[in-house]
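Chains, contacts and geometry: an overview
Listed here are the chains, written in short residue letters.
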Amino acid sequence: MRIERIDLKIVRLPLVRPFQTSSSRKAHLDHILVRVVAGGVIGWGECASPSDPYYCPETTETCWHILKDFLAPAVLGRDWSTIDDLAGLYRPVKGNRFAKAGLEIACWDVLARARGVPLHALLGGTRVEIDSGVSLGIESQVQVLFDQIDRYREEGYRRIKLKIAPGWDVDVVRRVRERYPSVPLQVDANSAYTLDDVPTLQALDAFDLILIEQPLAHDDIIDHARLQAALRTDLCLDESIHSADDARKALDLGACRVINIKVSRLGGLLEARRVHDLCLARGVPVWCGGMHEFGIGRAANVAIAALPGFTLPGDISGSDKYYAEDIVEPPIRAQRGAIAVFEGPGLGVEPIEERVEARTLRAVTLPA
Ligand code: OSB
Ligand code: MG
């Protein structure tokens, strides 16, 4: 394959409901869509970086810079036949994994379309549908959370994840658990605690949680190992894991017993699959995390979550949980708490070009 053209577009979509975590609050998202043309085949990818550096160091603007000035120039006009070859072309670029994921997903889409196969099949997926959960933000009142939990349980979602932060933790989880004694429940702290908070985190052991996600610093695995030793509940790492090597080290240290596989944080589907393969070999459960992806990134998440080791429901909800109007067809919907894998070639969804154009804030075509 040889990439002859790359288009980058920053696209803005309003969220149906503002989303608050311990580290940021969002009412709309600006993601970069990456359109690649190689041998006449078109592929799409999505860079789902937040606009601010409060989840991880990258932002929409750093991704734009790295894609336009380093990643695109490294791959344009160069020959590659596997994604490993392709990644080799931009290997000198350190970090910047959200940016890399946007380009890499588009190249997987090209590869799968060129072969006429669905992406989940190219990746080695075995599932026909994936178990779907919802991630619920921090609210001003617990009643608002109850209303959302009622609604998503009625829609059939298979587990609830609550964002927690100091001041919105043990008491909230207790009230949710009292009202929903058997709902599969987990929490995500987005690195809002320290080892001084061990007693608070131990108090969560009482609520039969599936896991506690990333309680400590975004770049830590050492203190998480100390914390895991002091908890009954399984820890799951998100922010701290950027590669299969990170996952191996975290598991060897006992820093977690579950891993959140998030395609963008890992720099793409290839590294996501490596983390999956490592965890499958070690009997460690994984699930697919999300970044409120638009339809392109969401379809990539669905494809990777079809691999056999994804035994826990993920944060891949139907796009109607986030957006009144997504940018792809067919629309991505959960039915009875599951999303069917897409059987069309590549990602199996197509961007609605007029909708993309209408919502584009900035665009560039490379080479210029
Ligand atoms: O930590 O998983 C996270 C959203 C934005 C930033 C970080 C996270 C999240 C979510 C939402 O939890 C997951 C989703 O529904 O896409
Ligand atoms: Mg998380």
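Above this text is the structure in question.
Let me begin by describing the structure that accompanies this report. All figures in this text were calculated on a predicted structure; none of them were measured in a lab. (Residues numbered from 1 in each chain as written. Chains lettered and ligands numbered in written order. Predicted model: local features only at pLDDT ≥ 70, side-chain atom pairs only at ≥ 80, totals over all residues. Heavy atoms only, no water.)

Section: the nonpolar core
Core analysis: the largest hydrophobic core is formed by 131 residues, its most contacted members being Ile 3, Ile 6, Leu 103, Leu 162 and Leu 204. Top contributing element to this core by residue count: helix α3 (residues 97-115), with ten residues. Inspection of this core shows a minimum of three residues originating in each of domain 1 (3-116 + 352-367) and domain 2 (121-340). Residues in contact with Leu 204, not counting those within four places in the same chain, are Ile 164, Val 170, Val 173, Val 187, Leu 209, Ile 212 and Thr 233. (Core = buried A, V, L, I, M, F, W, Y, C linked by side-chain atoms within 4.5 Å. Buried < 20%, exposed > 50% of the residue type's maximum accessible area, 1.4 Å probe, protein only. Helix = DSSP H or I, 4+ residues; strand = E, 2+ residues; numbered from the N terminus. Domains from an automatic or database assignment. Contact = heavy atoms within 4.5 Å.)

Structural notes on empty space enclosed by the protein
All chains considered together, the criterion is met by five cavities of 30 Å³ or more. Computed from the structure, the largest cavity encloses a volume of approximately 370 Å³. Lining the largest cavity are 27 residues, with Phe 19, Thr 21, Gly 290, Met 291 and His 292 sitting closest to its centre. Elements that contribute at least two residues to the lining of the largest cavity include exactly β2 (25-38) and β6 (160-163). A domain split of the lining of the largest cavity shows at least three residues from each of domain 1 (3-116 + 352-367) and domain 2 (121-340). In this structure, the second largest cavity encloses a volume near 100 Å³. Contributing to the lining of the second largest cavity are 13 residues, with Arg 17, Phe 19, Ser 135, Gln 148 and Lys 321 lying nearest its centre. Here the lining of the second largest cavity takes four residues from strand β1 (residues 3-20), the largest share from any one element. (1 Å grid on protein atoms, 1.4 Å probe; cavity = no way out; pocket = protein on both sides within 12 Å on 5 of 7 lines; lining within 4 Å. Points joined across faces, edges and corners; volume = space filled by probe spheres on them.)

Quick word on the site of ligand 1
Contacts to ligand 1 come from 14 residues, most closely from Lys 163, Asn 190, Lys 262, His 292 and Tyr 322. Lys 163 has a polar side-chain atom sitting 3.0 Å from an oxygen atom of ligand 1. Between Tyr 322 and ligand 1, the recorded distance is 2.7 Å, taken from a side-chain N or O atom to an oxygen atom. The fraction of the free accessible surface of ligand 1 (390 Å²) that becomes covered by protein chains is 94%. A class-by-class count of the residues in the shell around ligand 1 yields three nonpolar, four polar and seven charged. (Near = heavy atom within 4 Å. Polar contact = N/O pair within 3.5 Å; in protein donor to acceptor, adjacent residues only side chain to side chain. Areas by Shrake-Rupley, 256 points an atom, 1.4 Å probe, with all protein chains shown as cover. Nonpolar A, V, L, I, M, F, W, Y, C, P; charged D, E, K, R; others polar.)

Describing the packing of aromatic side chains
What the rule picks out here adds up to five aromatic pairs. Centroid distance Tyr 55 to Phe 98: 6.2 Å. Interplanar angle 80°. Geometry classified as edge-to-face. Within this pair, whereas Tyr 55 is found in the loop between β3 (41-47) and α1 (60-75), its partner Phe 98 is found in helix α3, the two being separated by 43 residues in sequence. Tyr 55 sits in the buried class, given a relative accessible area of 10%. We classify Phe 98 as buried; its relative accessible area is 1%. An aromatic cluster is present here, built from Phe 294, Tyr 322 and Tyr 323 joined pairwise through their rings. (Phe/Tyr/Trp six-rings, centres within 6.5 Å; stacked < 30°, edge-to-face > 60°.)

Concerning the sheet that holds β3
Strand pairing within a sheet occurs via backbone hydrogen bonds; the two strands may be parallel or antiparallel. With antiparallel pairing, four strands are arranged side by side in an open sheet as β3-β2-β1-β15. Sheet topology places β3 and β15 (360-366) at the edges, where each strand pairs with a single neighbour. When the angles between neighbouring strand axes are averaged without regard to direction, this sheet yields 20°. Pairing of β2 with β3 involves seven bridges; the strand directions are antiparallel. (Pairing = 2+ DSSP bridges. Axes fitted to C-alpha atoms, helices over the stretch in contact; angles between N-to-C directions.)

Thoughts on the layout of surface pockets
If you add up the space inside the largest pocket, you get close to 330 Å³. Every residue lining the largest pocket is counted, 17 residues in all, and those nearest its centre are Ala 87, Arg 91, Lys 100, Leu 266 and Glu 271. Contributing elements (two or more residues each) for the lining of the largest pocket: α2 (83-89), α3 and α10 (269-282). Looking at the second largest pocket, its volume works out to about 160 Å³.

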